[in-house]
Amino acid sequence: MSTPVRNLSPIAAAMAFALTSFSSTSVMADEAKAEDKKIEAITVTATKRSQVIYEVPIAMSAFSGDDLDSQGISDITDVGKFVPNLNITGFSAGHNSSANPFIRGIGLQDHLITTDPGVSVYVDGVYLGRQVGQNWNLANIERIEVLRGPQGTLYGRNSIGGAINIITKQPDQAAVTKVSAEVGTRGRLKGSIFTNQAVTEDLAFNFNMGFNRRGGLGEFINLPNAEYDVGENQEFHGRVSVKYNASEDLRLVFTADANDGEGGTRPFTTLIDELPNGRLAQSGLTNADVAADPYDNATSTIETATVSNKANGISLTAEYDINADLGTKFIFSKRSSEYKAGLDDDGTAVKLDHYPERGTADQTSVELQLTGYLGSVDFVTGVYWFNEEGSNRQSDTEAQFDGGPTKLELDQETTSRAVFVNVGYDATDDLRLSGGVRYTEDEKSASTNVFDPVGTIYSSREWDEVSYEVAANYTFENGLNWYGTVQTGYQSGQYPARPYFLIGQFFGAGGFDNPEAAAIVRANNAFMASDNISAINYETGFKGQLTDDFSMSVAFFNTEYDDLPYQVNTSTETGFDTNNLIVEQTSRGVEFESTYYVTDNFTLHSSFGFMDVDVEEQNGVKPVAPLTPEWTASLSPSYTFELENNATVTSRFDVSYRDSMYGEPSSDPLRMTQVDSRTTVNFDISYAPANANWDVSLYGRNIFDERYDDARINTGDYLLVIKSNDASEFGVRYRATF
C-alpha cells in the first residue's frame, strides 16, 4: 500500500520520491541504453582532485562557463537564485559591490574587519578574506562550484556553511578571441573581450577586460550635484594569466587581476513613525521627512552618496609531477582591497545619524599540497598559511550620531596556520570510502577606538581546532550514486564589530568626573573575542543519471552548530552598537536538483530546497536564523528551434523563488523585520546563424519588476530597510568568437 505524499513532511516526501526514483532506475536505464548520451557530467575539483560531480560525497551544484552564459548570469549574486538553500544578498554599508552568501542558514550580515564570513569564497584556490570590494564579475569562468554544508577539512576556517569555488580558464594552446557587448534599459552598457593565445609550445596566456555600467533606481533629492543616482554603479575589471610549461613535469601559472568600481549608495529607506518611542521620532522626525519614494534618498550628506571599491591581486601556482603517482602543488597569493561607503541612517536631510566609512584589507596566503596514488588509495595532504591585515574608519570629522560627532576605528591582524590530509580508498569497483582531518591554529590581534577619552583598546586571542570528515560513496549498476558523510567545520571567534558599549562603560565608571574612568575601562577590557564556532553535519543523498535524458541529485542533512554568533544591532545612548548573540542551532532539510531532456530540443532544469532551523531558546525568547528562507526553488525551461536555413533560436526562461525570512534573529512581528518572499523571472532568446561565429540575444531580467528587500534592521530607534538593487531590465547582447 502506498503512502500519500500529501501526508508526509517535506523531508519525508522528498525521501519517498528519491527512493521511488531509485527503484525504477534499472528499468529506465535499460530503456535508454540505445540512446545517445545528452548529459555531459561536469568534472569538479571540490575535493582538491578531479572527480565527476556524481562521485563527490557532498551536496554541491556546478555551473560551467557555458551554463552561466546561457542563463545570462554575470555576477555571483545571480548564482544565488538557482542553487537550493543558497541566498546571496548585498548588505554592507550601502555598498553595491558586496556579496553576502548564506548557505543553509549560515552567512555574514556584516563587512567590518573583525567579522568573518560563514561561507568561504575561493578563486583558483585562493581564499578571499573580504567580500566587499572584490571583483564579482564572472568573466573568463571555467566553472563555479557551490559546496553546501561544513567544509572544514579541505577548505578550512570560515566554511561552516559551505564554500563557493570559482575556477577561471587556464591558458592553453588554442587561439581564440571572444567579444561581447550588451546594451539595455536602466542605462545598461557592458562590454568585454577575452583572448587566449599561444606564444610557443610551452608558453601561453589569456587576458580579459571589461566594463559594466548600470543606472540607478532613484535620486538624491537634496543633493542636486550628486555624481551618481541611487543604486547606479560602474566598474572596470581585468585579468591576465600566463602559463609556462617549464618541463614535462613542471607547470607554472601566474595571474594578476584588478577591478575599480564606483557608484551611488544602494537603495534603502528608514521607517520612523513605526517606532514612536524611538530617538528619531522623539526628536521630531517623521516618515514625511524621508523620501516618499523608497528608492530615492533624502540625505544632505554628500559623503554618504558615493561608494567606491578597488581590488587587485596576484597569484602563482606551480604544479610538479614527482612521478607517475605523486605530484605537488604550490599556491601563493597576495591581494589588496579597499572601499568607501556609508549610510545616512536617519534617511532625512537632518544631519543626525550618518556614517561615511572607509576600509582596507591586505592578505597573503600560501598553500603546499602533495597528492598521489598508492594502489587503491588516493590522497591529498598539505599545509596552509594565511595572513590578513585590515582596518575600518569612520572619522569624527564626517560621521555623526544623534547630531554629534562619532568615530569608529577598527584594526585587526589575523594569522591562520593549518595542516590537512584527505584519503580515499576504493574498497571495490563500486564502493569508495574517504576521510580526512585538519588541524588549524588561528591568532587575531585587534584594536579599537570609538571614544578618544578612552583611547585605543587592544586585545588578542588564539584558537585551535581539529576538523574531520568521513564519507562513503556507492555506485549502483545503473550508474546512480549513493553517498553518506559526516563532516565538521570551524570558525575562530570574532571581536565586536561596533563596540560603542565602551563609551557606556566609561560613563558608568564616573566619566569625566573620575580621572581614572578610562583606566578602569582598559583594565576591565570588554573588547573580547568569542569562542570557537563549530559545526557537525550528517548528510546522505543520491546523485547521478537515472537515464540518458535525466540526471538528478537529492540530499538530506542535519547540521548542528555550537557557539554560533548572531549579530544584533541596536542604537544606544552612546552609538550604533553591534553585539553578538551566541546560540546553539540545528539546521535540517532537503535539497533537490535535476536536468531533464524532455526532447532533443527541450531541456528542463529545476531545483528546490527546504530547511527547518531550530535555535535554542535564549532567556525565554526563541531566536530565528536571519536571512534564511525556509523554501527555495528554481525552474529553467529551455527550447531550441531549428530554422529552415539551419540557424537556431534558443529560448530560455529562469524562474527563481525565495521564501520569506527575517532580517534579524527575531520573529517577533512587532519588530517588523520580516522580509517578504519573492519570485523573479528572467528570459533569454538567442539567435545563432548556421556555421557562424556570432549570436545575438534579447534578454530580460526580473521582467515583472519584482521589488524586494535585502534586509530589515530594527535598531530600537528606527527601522532600516535595505532594498535590493534588482529591478526589471531588458536589452540586447551580442557575442562573437574568432
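Since we're looking at a predicted model, the values are computed, not measured.

Calculation rules
Residues numbered from 1 in each chain as written. Predicted model: local features only at pLDDT ≥ 70, side-chain atom pairs only at ≥ 80, totals over all residues. Heavy atoms only, no water. Patch = residues over 30% accessible without salt bridge, like charges linked within 9 Å, V, L, I, M, F, W, Y side chains within 5 Å. Areas by Shrake-Rupley, 256 points an atom, 1.4 Å probe, with all protein chains shown as cover. Salt bridge = Lys/Arg side-chain N within 4 Å of Asp/Glu carboxyl O. Helix = DSSP H or I, 4+ residues; strand = E, 2+ residues; numbered from the N terminus. Buried < 20%, exposed > 50% of the residue type's maximum accessible area, 1.4 Å probe, protein only. Pairing = 2+ DSSP bridges. Core = buried A, V, L, I, M, F, W, Y, C linked by side-chain atoms within 4.5 Å. Contact = heavy atoms within 4.5 Å. Axes fitted to C-alpha atoms, helices over the stretch in contact; angles between N-to-C directions. Polar contact = N/O pair within 3.5 Å; in protein donor to acceptor, adjacent residues only side chain to side chain. UniProt positions renumbered as here; feature names shortened; annotations may be inferred. Phe/Tyr/Trp six-rings, centres within 6.5 Å; stacked < 30°, edge-to-face > 60°. Lys NZ or Arg CZ within 6 Å of the ring centre and 35° of its normal.

(A) Up close: a nonpolar patch on the surface. A cluster of nonpolar side chains, contributed by Val242, Phe254, Ile314, Leu316, Phe330, Leu368, Val383, Val419, Val437, Tyr439, Val466 and Tyr468, occupies part of the molecular surface with about 910 Å² of accessible area. Contributing elements (two or more residues each) for the nonpolar patch: strand E16 (306–321), strand E23 (431–449) and strand E24 (457–475). For Val466, a relative accessible area of 48% puts it in the partly exposed group.

(B) Summary view of the sheet that holds strand E6 (residues 119–123). Read across the sheet, five strands follow the order E3-E8-E9-E6-E7 without closing on themselves; strand pairing throughout is mixed. With partners counted over all chains shown, the strands left at the sheet margins are strand E3 (59–64) and strand E7 (126–127), one partner each.

(C) Structural detail: the nonpolar core. Core analysis: the largest hydrophobic core is formed by 28 residues, its most contacted members being Val450 and Phe506. Among the elements of the structure, strand E17 (326–344), strand E22 (408–426), E24, helix H5 (501–508) and helix H6 (517–523) are those that each provide at least two residues to this core. No other element matches the four residues that H5 contributes to this core. Discounting chain neighbours no more than four positions away, the residues touching Val450 are Lys407, Leu408, Pro499, Tyr500, Leu502 and Ile503. By size, the runner-up hydrophobic cluster in this structure holds 20 residues, among which are Val123, Leu128, Val146 and Ile164.

(D) Main features of the sheet that holds strand E15 (residues 268–271). The three strands lie next to each other as E15-E37-E36, forming an open sheet whose pairing is antiparallel. Strand pairing shows two members of the sheet lacking a second neighbour, E15 and strand E36 (709–714), which therefore form its edges. This sheet shows a mean twist of 15 degrees between the axes of neighbouring strands, independent of strand direction. With five bridges connecting them, E36 and strand E37 (residues 719–723) associate as antiparallel partners. Within E37, the position partnered with Ile713 by the bridge is Leu720.

(E) View of the side chain of Thr595. Structurally, the position occupied by Thr595 is in strand E28 (residues 576–597). On the accessibility criterion, Thr595 (16% relative accessible area) is buried. Within the structure, the side chain of Thr595 is placed 3.0 Å from the side chain of His605, a separation counted as a polar contact.

(F) Geometry of the UniProt feature "domain: TonB-dependent receptor-like beta-barrel" (unreviewed entry) in the protein chain. Under the local residue numbering, the UniProt record ascribes the feature "domain: TonB-dependent receptor-like beta-barrel" (unreviewed entry) to residues 271–703. Summarising residues 271–703: 4% helix, 61% strand, and an end-to-end C-alpha distance of 28 Å.

(G) Region of the structure containing the pattern of salt bridges. This structure, assessed with the given rule, holds 43 salt bridges. Asp124 is paired through a salt bridge with Arg239; the nearest N and O atoms lie 2.8 Å apart. Here Arg239 lies in strand E13 (residues 233–245) and Asp124 lies in the loop between E6 and E7, a separation of 115 residues in the sequence. Close ionic contact of Arg432 with Asp426 constitutes a salt bridge, the shortest N to O distance being 3.3 Å. Under the relative-accessibility criterion, Asp426 is labelled partly exposed at 36%. Within this structure, Asp116, Arg130, Arg157, Glu388, Asp442 and Lys444 form a network of salt bridges that share partners.

(H) Summary view of the packing of aromatic side chains. Counted according to the given criterion, the structure contains 22 aromatic pairs. Between Phe610 and Trp631, the ring centres sit 4.6 Å apart and the planes meet at 50 degrees, which makes this aromatic pair tilted. Of this pair, Phe610 sits in strand E29 (residues 602–615) while Trp631 sits in strand E30 (residues 631–642); the two residues are 21 residues apart in sequence, bridging distant segments of the chain. A network of ring pairs unites the aromatic residues Tyr122, Tyr127, Tyr155 and Phe386 as a single cluster. Looking at Lys444, its charged tip hangs above the ring of Trp463, at a distance of 5.7 Å from the centre.

(I) Spatial organisation of the environment of Val675. Topologically, Val675 is positioned in strand E33 (residues 674–675). Of the residues examined, Val675 reaches a relative accessible area of 0% and is grouped as buried. Setting aside residues up to four positions removed in sequence, Val675 forms contacts with Ser660, Met661, Tyr662, Gly663, Asp709, Ala711 and Arg712.

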